[in-house]
Amino acid sequence: MSTDPAVRDSIDEAATTVGSLWPVHSFVTANPLSGFEGRPFGEAVERAATLLGGRGYPSAETFEAALERGQIDPTRLEAELAAAGYEENPETLLSRMADATDSTNGDADTATDHVDRVLSKWLSAFLDEGSAHWSMPNREAGFYAAFRDMATHDSDIPDEGIVADLPEDPTEAIEAALDSQPEGQWTDTLTSQLAALPGWTGFIKQRAESDGAWQSAYPISLDGYLAARLALLDAVDADIEPDDAADVNTADDLARAFLRAWEATYRDDLVGTVAARSRSIDDAEASDRPDAQLVFCIDTRSEIIRRHVETTGAYETYGYAGFFGVPMEYQGYDADVSVDACPPILDPQHHVVDVPNDDETRTQYDRRSGVRAAVDEIIELLKANAATAYGYVETAGSGYGLSLAARTLVPGRVHDLIDAAAEVVPDEREFCEPTVHHQQTRSGDLPVGLTREEQVEYAATAFELMGFEEFSRLVVFTGHASETTNNPYDSSLDCGACAGNPGGPNARVLATICNDESVRTELRDRGFEIPEDTVFLAGEHNTTTDEVELFADDVPESHADELDRLRADLATAREHATAERAESMGVDGSTGISETERRAADWAETRPEWGLAGNAGFVIGPRELTSDRDLDGRAFLHSYDWSTDPTGDALEAIFTGPMVVTQWINAQYYFSTVDNAVYGSGSKVTQNPVGNVGVYQGNGGDLMAGLPLQSLMAADDEPHHQPLRLSTVVHAPVERVTDILSDHRKLTELLDNDWLSLTVVDPTQEHRVFRYEASLEWIAVSERPETHPGPSNTPTVADD
């Protein structure tokens, strides 16, 4: 039987509304409404409210708190409210917003709820990634085939009418289920079914698209999911008609005005800083060669440590995407699997593995790690085996009790013990080096290592994007990672540019490349005057404790004094940074280091660090624009010098890469804050990990898609994260920015649809400020408050 092509088209169109969800062990922050980014923001949140039931704007209580704290400028708010047609005072309007109730669609369909529970059970068993000791049978045949084969054994599925009549092709099953509906309704029906369990369907979509090892072994598709779901709905006589009644807050227009005023208040301050410093750059005198240069990730947490590093000595810091421009797949020395170490918008191009270069240290490491692995395996077998589990608990219970008590009562001491043990057991980085040079082998579809031409290109691109013109004796590429205990969301605190993995491996690769003399020769031929005495090295910033570890085994003795001084100054910077961060968590700043170490080791700590909470801005330009200014860890900072980029290629790469990723991050934090139950993941206290792929709230249901409450809220009713859309500020000629946007429809679509804002400070036009409006048109911003114009008021570059 041939399937109607319209069915395939409807499935594909419905799938575009599903936002991808990565496994929690490699958490990628992404916009939960990415499938709606082709719509204006207001329209997108309304559509999402209909399908998902989520709120799209901050609550009246959140706006009220922002007003009380001075985060919303009253003049801005008055202008925005007037432009939206509101004349009452803010207090009256907030009261009206709070009183507005969401429209509801009546009681839940219990038959549909039953299908959701059944599917969640099947999906958690099928999609398990190594957590279950007893695997679901017949998984290798694929989800739909396994479902057809085994559904009769599930007592929660009616005995009649589901398996016997299901065709082998899931598309045929979908067509049969849609047969009673008009073709024009098919897409809406399938969209509503995919939206019923958006966490699971988002995970299925991501897994199918990435086509990794788990997908190859146990395939699943949205087609197979839909076929099984529609069959189950038919078996319980549930209605599959799409519900078009919108769950939209009647005060959304009012909330939009408050949100725009809040965003404008933050943006004005950020743009004012950049514009003022832009004027002063021209008059700045040339500085001496810095003692060292440190390249950090653009991550907002880097802003704090960079600021404190710069105050300790003659240091320059730069911001660059934390994968350091090398799209690679990385495998540690004793790792069983490889991980992607690049942003999810890129595919890895190289396989890099750590290989030993010191046999004596390697032997020591192997011996101790082998014993540890054997003990872990025995313990796991004892716990999982029905015959030995009770005896094991009786025997080992007291030991576990002491361990739990220590981690609960004295986690700081536990952290010290872990550090002491780490000094005894060698780190694999002490006897391994990454396979940077190209090998005549492949790992799967990827070549092992990089060719000389690729090495030169990655290094040159890094220096071009950052505007490097001078090199100090020490240049440190500093990746970042977090340190937490008993935290399913630990990867959400690692490097987002490395797909939720530590950034140290990428930093080591780029440092190795730049120390290669033949690479440096070619870089000099391309205009990068790297002195003979410049040494590149890698480091890793622990964002939980603010310790910066340097991988400096290969640094020559001639640089020992500078290296010792740098280490000492990094320790000082850590003291100051942890004091600042401790105060942001309501703790005495004088206990900064001990408090952050306690949080890293405490197995009961629900907030080891704030992560990227607070993110609201993205500055693209030289560090001088923001140095000496406390940005409160709220801005992504990417180094860029327009004067060294005459073609605009470097700025284009920043726009199409880092700016897109930062918007994803910002959107997830925004939506997880405004409606944590729908777009976040609720409290960590009531979460349960499932299948090593995600978490439930409670003991079942949909996969939670976003961030937990403790990553966003200072208290139940007090957001720490200010839910604002991203404000991007660029230091470059406005014509250059316009040319780049004109070549990238996806970028202009995001801007035209208000998913983020873009402001340009133009150094070639007397440092004037231009705000993007729509359709590649700009407004030269004056000193008066800006208001959000109507859709017809979008002039070309001109004063407003």
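This one's a predicted model, so the numbers in the text were calculated from it and none came from an experiment. (Residues numbered from 1 in each chain as written. Predicted model: local features only at pLDDT ≥ 70, side-chain atom pairs only at ≥ 80, totals over all residues. Heavy atoms only, no water.)

Trainee: How would you summarise the state of the cysteines if you had to cite specific residues and measurements?
Mentor: Within the structure shown, the criterion is met by 0 disulfides. We note that Cys 498 lacks a disulfide partner, and the nearest cysteine sulfur, in Cys 495, lies 3.5 Å from it. (Disulfide = S-S within 2.5 Å.)

Trainee: Kindly report on the side chain of Ser 278, identifying the contributing residues and their values.
Mentor: Looking at the secondary structure, you find Ser 278 in helix α13 (residues 252-281). Look at Ser 278 and you get buried, because its relative accessible area is 1%. Engagement of the side chain of Ser 278 in a polar contact is seen with the side chain of His 767, the distance being 2.5 Å. Among all residues touching Ser 278, those that are not within four sequence positions of it are Leu 625, His 731, Val 761, Pro 763 and His 767. (Helix = DSSP H or I, 4+ residues; strand = E, 2+ residues; numbered from the N terminus. Buried < 20%, exposed > 50% of the residue type's maximum accessible area, 1.4 Å probe, protein only. Polar contact = N/O pair within 3.5 Å; in protein donor to acceptor, adjacent residues only side chain to side chain. Contact = heavy atoms within 4.5 Å.)

Trainee: An account of the sheet that holds strand β5 (residues 350-356) is requested, with residue identities and associated values reported.
Mentor: Paired through backbone hydrogen bonds, the strands of a sheet run either parallel or antiparallel to each other. Taken together, the 4 strands give an open sheet; going across it, the order is β4-β3-β5-β6, and neighbouring strands pair in mixed fashion. The two strands at the open ends of the sheet, each matched to only one other strand, are β4 (339-341) and β6 (432-434). Averaged over all adjacent pairs, the angle separating strand axes in this sheet is 30 degrees, with direction ignored. Note: strand β3 (residues 328-331) against β5, 4 bridges, orientation parallel. Its bridge partner being in β5, Tyr 330 is matched across the sheet by Val 352. (Pairing = 2+ DSSP bridges. Axes fitted to C-alpha atoms, helices over the stretch in contact; angles between N-to-C directions.)

Trainee: Report on the packing of helix α9 (residues 186-194) against helix α12 (residues 222-235), specifying residues and quantitative values.
Mentor: The N-to-C vectors of α9 and α12 enclose an angle of 90 degrees; their axes lie 11 Å apart at closest approach. Regarding the angle of α9 to α12, the classification is roughly perpendicular. Where α9 abuts α12, its residues Leu 190, Gln 193 and Leu 194 lie against Leu 222, Tyr 225, Leu 226, Arg 229, Leu 230 and Leu 233. (Parallel < 35°, antiparallel > 145°, perpendicular 65-115°, else oblique.)

Trainee: Before we move on, can you summarise the nonpolar core with the specific residues and values?
Mentor: Across soluble globular proteins, nonpolar side chains have a tendency to be buried as a group. Core analysis: the largest hydrophobic core is formed by 140 residues, its most contacted members being Phe 463, Phe 477, Phe 655, Phe 671 and Val 737. Of all the elements, α13 adds the most residues to this core, at 12 residues. Dropping the residues within four chain positions of it, Phe 655 is found in contact with Ile 620, Val 660, Val 730, Val 737, Ile 740, Leu 741, Leu 747 and Leu 758. (Core = buried A, V, L, I, M, F, W, Y, C linked by side-chain atoms within 4.5 Å.)

Trainee: Summarise the sheet that holds strand β11 (residues 548-551); cite the residues concerned and give the values.
Mentor: The 5 strands lie next to each other as β2-β1-β9-β10-β11, forming an open sheet whose pairing is mixed. With one partner strand each, in any of the chains shown, β2 (315-320) and β11 form the two edges of the open sheet. Each strand axis lies, on average, 25 degrees off the axis of its neighbour in the sheet, ignoring direction. Judged from the 8 bridges that link them, strand β9 (residues 474-481) and strand β10 (residues 535-542) form a sheet pairing that is parallel. When the bridges of β10 are listed, Gly 479 appears paired with Glu 540. Where helix α18 (residues 452-466) meets the sheet, it contacts β1 (292-297), β2, β9 and β10, and its direction lies at approximately 110 degrees from that of β2.

Trainee: I'd like a rundown of the confidence of the model for the protein, residues and numbers included.
Mentor: On average, residues of the protein score 88 in pLDDT, and 86% of them reach the 70 mark or higher. Contacts of residues 788-800 to residues separated by more than four positions or lying in other chains number 26 contacts, the stretch itself having pLDDT below 50. (pLDDT = per-residue confidence, 0-100.)

Trainee: Account for the packing of aromatic side chains, naming residues and giving values.
Mentor: Within a pair of aromatic rings, the relevant descriptors are the distance that separates the centres and the angle that separates the planes. Evaluated as defined, the whole model comprises 28 aromatic pairs. Ring geometry for Tyr 318 against Phe 468: centres 4.2 Å apart, planes inclined by 20 degrees, an arrangement best described as stacked. One end of the pair, Tyr 318, is in strand β2; the other, Phe 468, is in the loop between α18 and β9, and 150 residues separate them in sequence. Considering the side-chain rings of Phe 671 and Tyr 679, the 5.3 Å spacing of their centres and the 65 degrees angle between planes classify their relative orientation as edge-to-face. (Phe/Tyr/Trp six-rings, centres within 6.5 Å; stacked < 30°, edge-to-face > 60°.)

Trainee: Break down the pairing of strand β14 (residues 687-690) for me, citing the residues and quoting the values.
Mentor: Bridging between β14 and strand β15 (residues 694-697) involves 4 bridges; their strand directions are antiparallel. Residue pairing in the sheet places Asn 688 in a bridge with Tyr 696 of β15. Connecting β14 to the next strand, β15, in antiparallel fashion are 3 residues, including Gly 691 with a positive phi near 60 degrees.

Trainee: Help me get a handle on the environment of Glu 183, residues and values and all.
Mentor: Along the chain, the position of Glu 183 falls in the loop between α8 (170-178) and α9. The partly exposed category is assigned to Glu 183, whose relative accessible area is 49%. Leave out the neighbours within four places in its chain, and Glu 183 touches Asp 4 and Ala 6.

Trainee: Provide a residue-level description of unusual backbone geometry, including the pertinent values.
Mentor: Backbone geometry places Asp 237, a non-glycine residue, at a positive phi of 60 degrees. Judged by relative accessible area, Asp 237 falls into the exposed class, the value being 70%. Positive phi values are uncommon outside glycine, yet Asn 486 reaches one of about 55 degrees. Its location among the elements puts Asn 486 in the loop between β9 and α19 (504-515). Assessed through its relative accessible area of 53%, Asn 486 is described here as exposed.

Trainee: So what's going on with the pattern of salt bridges? Which residues, and what values?
Mentor: Within the structure shown, the criterion is met by 37 salt bridges. Residue Glu 88 is joined to Arg 96 by a salt bridge in which the shortest nitrogen-to-oxygen separation is 2.3 Å. Take Glu 88: its relative accessible area is 33%, and that puts it in the partly exposed class. Each of Glu 595, Arg 598, Arg 599, Asp 602 and Glu 605 takes part in salt bridges that share partners, so that together they form one network. (Salt bridge = Lys/Arg side-chain N within 4 Å of Asp/Glu carboxyl O.)

Trainee: Explain α18 to me, using residue names and the numbers behind them.
Mentor: Over its 15 residues, α18 runs 22 Å from end to end, which matches the ideal 21 Å to within 8%, given 1.5 Å per residue. Looking only at α18, the buried set comprises Gln 455, Val 456, Tyr 458, Ala 459, Ala 460, Ala 462, Phe 463, Leu 465 and Met 466. Looking at the residues trailing α18, positive phi occurs at Gly 467, about 75 degrees. (Expected span 1.5 Å × (residues − 1).)

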